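What the coordinates show
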Amino acid sequence: MPESSTTDDLPARVREVRKRRGLSQQELADLAGVSKSLVTKLERGIYPEVRLHTVRKIASALHVTTGYLVGGKGDTEHEAEPDRAPWAQTYRALLGLLPQPEEEPTVDGVLGSLTALRPLLADNRYSDIAELLPPLLRDAQALNGIGRAAHSRVLNTTGWVLTQTRQFSMAEPTLHRAIDLADDRMDAAAAVNTLVWLHLRQGHLEEARSLATRWADDIEPRFSRATTVELTVWGRLLLGISNAAVRDNRPGEADDAIKLARAAATRIGHETLSDTSTTRTFGPITVSMIAAENAAIMDKPDRVLAIAERIPAQVPYAHSASRNRHRLDVAAALSATKQYDESFTVVQDLNRIAPEWLRTQRYGRDIVAGLVQRRRTLSPSMRQLADAVGLSY
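Throughout what follows, the structure given in this document is the object of discussion. As the structure is a prediction and not an experimental result, all values here were calculated from the model.

A side chain with one charge may pair with a side chain of the opposite charge, provided their charged atoms come close. Scanning all chains against the criterion turns up 17 salt bridges. A salt bridge links Arg51 to Asp366; the shortest N-O distance between them is 2.0 Å. On the criterion of sequence distance, the pair formed by Arg51 in the loop between helix H3 (36-44) and helix H4 (52-62) and Asp366 in helix H20 (residues 362-373) is long-range, its members being 315 residues apart. Here the residues in one salt-bridge network are Arg247, Glu293, Arg325 and Asp329, joined through shared partners.

Spelled out as structure tokens, the structure:
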């Protein structure tokens, strides 16, 4: 078999492997936990917008990697990049098109502004961030050679925000610039962590796995004398490997990576900020949330809920993107175990505390769509939530 393909090859590859395994379409559907109609449409190439999660289930049933079926170009959690208008000035700043500041910026001033931005990042206040990022980018760029580290961190923050808001086409070059400008290995690895996440959001599983593996191998610390910073950055890379591997139907590799990450988290003993550019944390709680996410991807809702029960309610950055993502895993698990009202309550609460974040999540929209389909009539609160997540019906 060739090593790679494109999504255009997906129907042929599913059909080819199914036949080589001696399975009928109904047998494959039963093994994967999907409908025969879906398998039939998929093999004919007429199934629109197939989710990476669905392809993973089919790959698991066929005993191949997800990447083999899709060639690393899977679903991207969205139909298309959203409107760039809110980020127009950010784009201009990245291209160096903003007027130069009247006063010469300083490294301390740029780093101070970056620190002041963190509460907005933690609360997912993207409208406010879109106002503050352009002048910060302009000032960081104006530092020239004396502020490479500060400029790199601002670019990492920008790439993180652009990834979160699905501005993928500009996020990738921004993060590559952040890596190139970093004069500290840990700053560079922090930007790599963001780039790994970008690849995951786009469904580029092999790129995510190989990038995270290469950097994790390169910066692996010696436990006997590792600093907290080294352990957090390395641990985050391991979580990226695990996340990509489980999506690529490589459960053994995913387990190995998360075990190493858990060892690093245990050594630290508590949650701590994993880099100076974002609100990402690393520690025992983060490892547990990724373990729950992996369980969700593998369709183990009971496992998700069991892990969630052991995660304390009070965590650093309680409304952060990673914490909110965990709440969506819990909502999906509740729905899968027929606890529909409880699932609705979780998503409704997310809409209350992080409405701008929730609007960027196709995962949340899929959960609400499933809840809506089970109701004969919709309550006002259900209709309101459906509108909030962008359902088209």
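Taken as a whole, helix H21 (residues 380-389) has its buried residues at Met382, Leu385, Ala386, Ala388 and Val389. For H21, the angular spread of the buried residues around the axis is 160°, confining them to a single face. Opposite the buried face of H21, at more than 90 degrees from it, the exposed residues are Pro380, Gln384 and Asp387. The inward-facing, buried residues of H21 abut helix H18 (340-353), helix H19 (355-358) and H20. Phi turns positive one or two residues past the end of H21, at Gly390, with a value near 90°.

This brings us to the packing of aromatic side chains. Taken as a whole and judged by the stated rule, the model has two aromatic pairs. Geometrically, the ring pair formed by Trp160 and Trp197 is tilted, given 6.0 Å between the ring centres and 40° between the ring planes. Of this pair, Trp160 sits in helix H9 (residues 148-164) while Trp197 sits in helix H11 (residues 185-201), placing them 37 residues apart in sequence. Of the residues examined, Trp160 reaches a relative accessible area of 4% and is grouped as buried.

Analysis parameters
Residues numbered from 1 in each chain as written. Predicted model: local features only at pLDDT ≥ 70, side-chain atom pairs only at ≥ 80, totals over all residues. Heavy atoms only, no water. Salt bridge = Lys/Arg side-chain N within 4 Å of Asp/Glu carboxyl O. Helix = DSSP H or I, 4+ residues; strand = E, 2+ residues; numbered from the N terminus. Buried < 20%, exposed > 50% of the residue type's maximum accessible area, 1.4 Å probe, protein only. Arc of directions from axis to C-beta. Contact = heavy atoms within 4.5 Å. Phe/Tyr/Trp six-rings, centres within 6.5 Å; stacked < 30°, edge-to-face > 60°.

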